[in-house]
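Now for the letters of each chain:
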Amino acid sequence: MRRHRVAYLPGDGIGPEVCDVARRVVDAAGERFGFVVTWDEQRIGGEAIDAHGNPLPAATLDACRSADAVLLGAVGGPKWDDPSASVRPEDALLGLRSELELFANLRPVRAHDALADASPLRPEIRAGADILILRELTGGLYFGRPQGRSTEDGVERVVDTLAYTRPEIERIVELGFELAEERRGHLTSVDKANVLASSRLWREVVNELAPRHPAVSVEHALVDATAYLILAQPAHYDVIVTENLFGDILSDEAAAIAGSLGLMASASLGTRSTDAGRFGLYEPVHGSAPSIAGQGIANPLATVASTAMLLRWSLGETDAADAVDAAVDAAIEDGPRTGDLGGPDGSEAVAGFLLGRIGAAMEIPA
Ligand code: NAD
């Protein structure tokens, strides 16, 4: 029996509801495929502020450091929205990224035929779209210094700094090539090399690493053109690798291809290796949805899909990951529908469907 340890941070709002479904699905997959997960539950976000005055308590960080992976629900809500507050739930997210060196954010975007009505794109344009957006997460404008406001000679000025080191670019681009090798072998590197010095180094690094990955075809694309083309011809893309700000914007834009925020999963991979892969934090892209919390109507599919990535990349449980992905696909194609997808069903109906699918897989010899 293989054993794994996962830090379990359900957080605020609908976080606990969607994480509970995901945990039960992983446990069921463990029974089927011969592994056990120990869930180390800890506080984060608003509930941690209430209990400890700190959105990211030391015990939570310690649990993450000694785990193979982290499953996070969501943080935040109106209770902690006071703009003058000295601590905010969202501080925990930036803290986790920098403390755990989570440098690579992965967001898969797929156009399921069954959700054609949910997307603003015409069916023939979105058909076949299956993109993995790889965003650099710890550098660029969000972390560069100097940053801030000042007044010089009576004139107010502001500054943000877009800074990257060569090793920071190399590690994310290298991962982009590796992921493209595992998929359809096409890598689009997105930059603004006609204007930015950081983009010119980025492009240089991509060209230097390309010969080591002969099975991958590479294209360079400018971010402004990509913002248009990702919606005009989404099926063109396989893996897109880009820096922090560009990735932040493009990955939210690409959610329009999928059709619902409630389906978008994400992984943030770190530098540390685990026994079976790479340490990472897994979470749905959506937030804590406070207006529907506690009603049993939240869509758990994004969180469940995030655990499929957790099983694959951090625990090395590929068969279980495939089974969870297949169960999520089946739920999207012909399972119960929660309100965000225009259906009448609750989270428990979705959970029952997923557990049934994993259970049915138990009858097929491994
Ligand atoms: P949100 O993603 O929580 O909700 C946006 C809309 O989508 C709402 O109508 C909500 O009801 C719906 N929705 C989201 N997830 C859903 C699901 N799984 N099932 C069904 N419907 C779903 O974004 P928001 O309203 O802008 O933010 C609410 C709170 O979440 C804020 O405090 C914000 O700061 C926080 N937030 C946290 C994270 C995070 O923890 N990573 C991310 C985004 C927002």
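Chemist: Teacher, can you tell me more about the packing of aromatic side chains here?
Modeler: To describe a pair of aromatic rings, you give the distance between the ring centres and the angle between the ring planes. Per the stated rule, a full pass over the model turns up two aromatic pairs. Their ring planes at 75 degrees and their centres at 5.6 Å tell us that Tyr-8 and Trp-39 sit as a pair that is edge-to-face. Residue Tyr-8 is located in strand 1 (residues 2–11), and its partner Trp-39 is located in strand 2 (residues 35–41); the two are separated by 31 residues in the primary sequence. Summarising the burial analysis for this pair, Tyr-8 and Trp-39 share the class buried. Seen in terms of ring centroids, Tyr-164 and Trp-202 are 6.1 Å apart; in terms of plane orientation they differ by 70 degrees. Their pairing is edge-to-face. Placement of Tyr-164 in the loop between strand 7 (155–161) and helix 6 (166–182) and of Trp-202 in helix 7 (residues 197–209) is noted, with a sequence separation of 38 residues between them. We classify Tyr-164 as buried; its relative accessible area is 14%. What makes Trp-202 buried here is its relative accessible area of 2%. Here the guanidinium or amino end of Arg-32 rests over the ring plane of Phe-33, the centre of that ring lying 4.4 Å away.

Chemist: Please explain the site of the ligand as it appears in this structure.
Modeler: Neighbouring the ligand are 18 residues, the closest being Val-75, Glu-90, Gly-287, Ala-289 and Asn-299. In the environment of the ligand, a nitrogen atom lies 3.2 Å from a nitrogen or oxygen atom belonging to the side chain of His-286. Ser-288 is positioned with one of its backbone polar atoms (N or O) 3.0 Å from an oxygen atom of the ligand. Across the complex, the protein chains shield 65% of the 810 Å² of accessible surface that the ligand would expose by itself. In the shell around the ligand, the residues fall into nine nonpolar, six polar and three charged.

Chemist: Looking at this model, I keep getting lost on helix 11 (residues 318–334). Mind explaining?
Modeler: Given 3.6 residues per turn, any residue in an α-helix points the same way as the ones three and four places further on. Between the first and last C-alpha of helix 11 there are 24 Å, a value that for 17 residues agrees with the 24 Å anticipated at 1.5 Å per step. Those residues of helix 11 lying buried are Ala-320, Ala-321, Ala-323, Val-324, Ala-327, Val-328, Ala-330, Ala-331 and Ile-332.

Chemist: I'm lost on the environment of Ile-358 in this one. Help?
Modeler: Checked against the element boundaries, Ile-358 lands in helix 12 (residues 347–361). Ile-358 sits in the buried class, given a relative accessible area of 1%. If near-sequence neighbours (up to four positions away) are discounted, Ile-358 is found in contact with Val-25, Ala-28, Ala-29, Ala-323, Val-324 and Ala-327.

Parameters and conventions
Residues numbered from 1 in each chain as written. Predicted model: local features only at pLDDT ≥ 70, side-chain atom pairs only at ≥ 80, totals over all residues. Heavy atoms only, no water. Phe/Tyr/Trp six-rings, centres within 6.5 Å; stacked < 30°, edge-to-face > 60°. Helix = DSSP H or I, 4+ residues; strand = E, 2+ residues; numbered from the N terminus. Buried < 20%, exposed > 50% of the residue type's maximum accessible area, 1.4 Å probe, protein only. Lys NZ or Arg CZ within 6 Å of the ring centre and 35° of its normal. Near = heavy atom within 4 Å. Polar contact = N/O pair within 3.5 Å; in protein donor to acceptor, adjacent residues only side chain to side chain. Areas by Shrake-Rupley, 256 points an atom, 1.4 Å probe, with all protein chains shown as cover. Nonpolar A, V, L, I, M, F, W, Y, C, P; charged D, E, K, R; others polar. Expected span 1.5 Å × (residues − 1). Contact = heavy atoms within 4.5 Å.

From the geometry alone we can't say anything about function, so treat these as descriptive.
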